[in-house]
Amino acid sequence: MSDIDFLQSIVTRYPDFPKPGIVFLDIFPIFRDPVALETLITHFVYHITSHTIPKSVRKKVDVVVGLDARGFLIGPLIALRLGAAFVPVRKKGKLPGPCKLASYEKEYGIDTFEMQEGAIRHGQNVVIVDDLIATGGSASAAGSLVRMQGGNILEYLFIVEVSALRKNWPIEDPVYSIIQE
Ligand SMILES: O=P(O)(O)OC[C@H]1O[C@H](OP(=O)(O)OP(=O)(O)O)[C@H](O)[C@@H]1O
Ligand SMILES: Nc1ncnc2[nH]cnc12
């Protein structure tokens, strides 16, 4: 079985959660299985460091940005392996000090994200990670926070994408997902 098939077999689907019409894709079973978690992180790191871009032009990742809350589970693990910084994007009102702010609409509600000012320096290369992309609203808001600080977005990375919504993603930079649902 490939890494992708292995991970896909572990992600669990819950119809009508958190409200009717949404099929909730639960990634927590991956975290219950150390082999699956190792497979997941190694897959992401391999993708970032060895995919098709020739080494001579490949850019070093300076910062991994993770989205509140499930992006916090994978972002620091990837950052540690890359020798990069980890920076959180949090839901409004949770971060101390001056923050940049971006509101967004997602698959089942409206929210506001914040990032601490100065967390990313001008010109740093950034990847943005989360468990899942549905409408792309969360990812797009996180991207605008990175750009407000002068960060250069190399790629967005997700465990799962909801492919039916892909055509409406408000995102211009490359997107990589391991599982397409
Ligand atoms: O592409 P979108 O439509 O924006 O949806 C994707 C976002 O929704 C979920 O987070 P949620 O806001 O439910 O927060 P949580 O991680 O705190 O549960 C998920 O973890 C993504 O961050
Ligand atoms: N279908 C879904 N499953 C899990 N998390 C989500 N966040 C937004 N849509 C989701």
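The protein is annotated in an unreviewed UniProt entry as adenine phosphoribosyltransferase of Boletus reticuloceps. One UniProt comment on the protein, placed under Pathway (unreviewed entry), says "Purine metabolism; AMP biosynthesis via salvage pathway; AMP from adenine: step 1/1." For the record of the protein, the UniProt heading Catalytic activity (unreviewed entry) holds the text "AMP + diphosphate = 5-phospho-alpha-D-ribose 1-diphosphate + adenine".

(A) Structural detail: the site of ligand 1. Neighbouring residues of ligand 1: 16 residues in total, closest Lys-106, Asp-130, Asp-131, Thr-135 and Ser-138. Contacts to ligand 1 include Gly-136, whose backbone N or O atom sits 2.8 Å from an oxygen atom. In the complex, 88% of the free accessible area of ligand 1, which totals 500 Å², lies under the protein chains. Among the cavities detected, the one that contains ligand 1 is the largest pocket. Taken together, the elements giving at least two residues each to the shell around ligand 1 come down to β7 (125–133) and α5 (137–148). Taken together, the residues of the shell around ligand 1 sort by class into five nonpolar, four polar and seven charged.

About the criteria used
Here the residue numbering is sequential within each chain, running from 1 through the sequence in written order. Working convention: letters from A go to chains and numbers from 1 go to ligands, in the order in which they are written. Residue-level local features of this predicted model are given only where pLDDT is at least 70; pairs of side-chain atoms are given and counted only at 80 or more, and the full residue set underlies all totals for whole chains, interfaces and linings. Water and hydrogen atoms were dropped before computing side-chain values, which therefore reflect all heavy atoms in the structure. UniProt positions are given in the numbering used here, feature names are shortened, and annotations may be inferred rather than shown by experiment. In this text, near means that some heavy atom of the residue lies within 4 Å of the molecule or strand in question. As used in this structure description, the phrase polar contact means that two N or O atoms lie within 3.5 Å; if the pair is within protein, one of them must be able to donate a hydrogen and the other to accept it, and residues adjacent in sequence are counted only when both atoms belong to side chains. Only the protein chains shown count as cover for residues, and all accessible areas are computed by the Shrake-Rupley method using a 1.4 Å probe. A pocket here means an open set of points on a 1 Å grid, computed over the protein atoms alone, that has protein on both sides within 12 Å along at least five of seven lines. A cavity is instead a set of points where a 1.4 Å probe fits but cannot get out; residues with an atom within 4 Å of a point line either one. Think of it this way: a molecule belongs to a cavity or pocket when more than half its atoms come within 2 Å of the grid points there. In this text, helices come from DSSP runs of H or I with a minimum length of four residues, and strands from runs of E with a minimum of two, each type numbered from the N-terminal end. The nonpolar class holds Ala, Val, Leu, Ile, Met, Phe, Trp, Tyr, Cys and Pro. Asp, Glu, Lys and Arg form the charged class, and all remaining residues, Gly among them, are polar.

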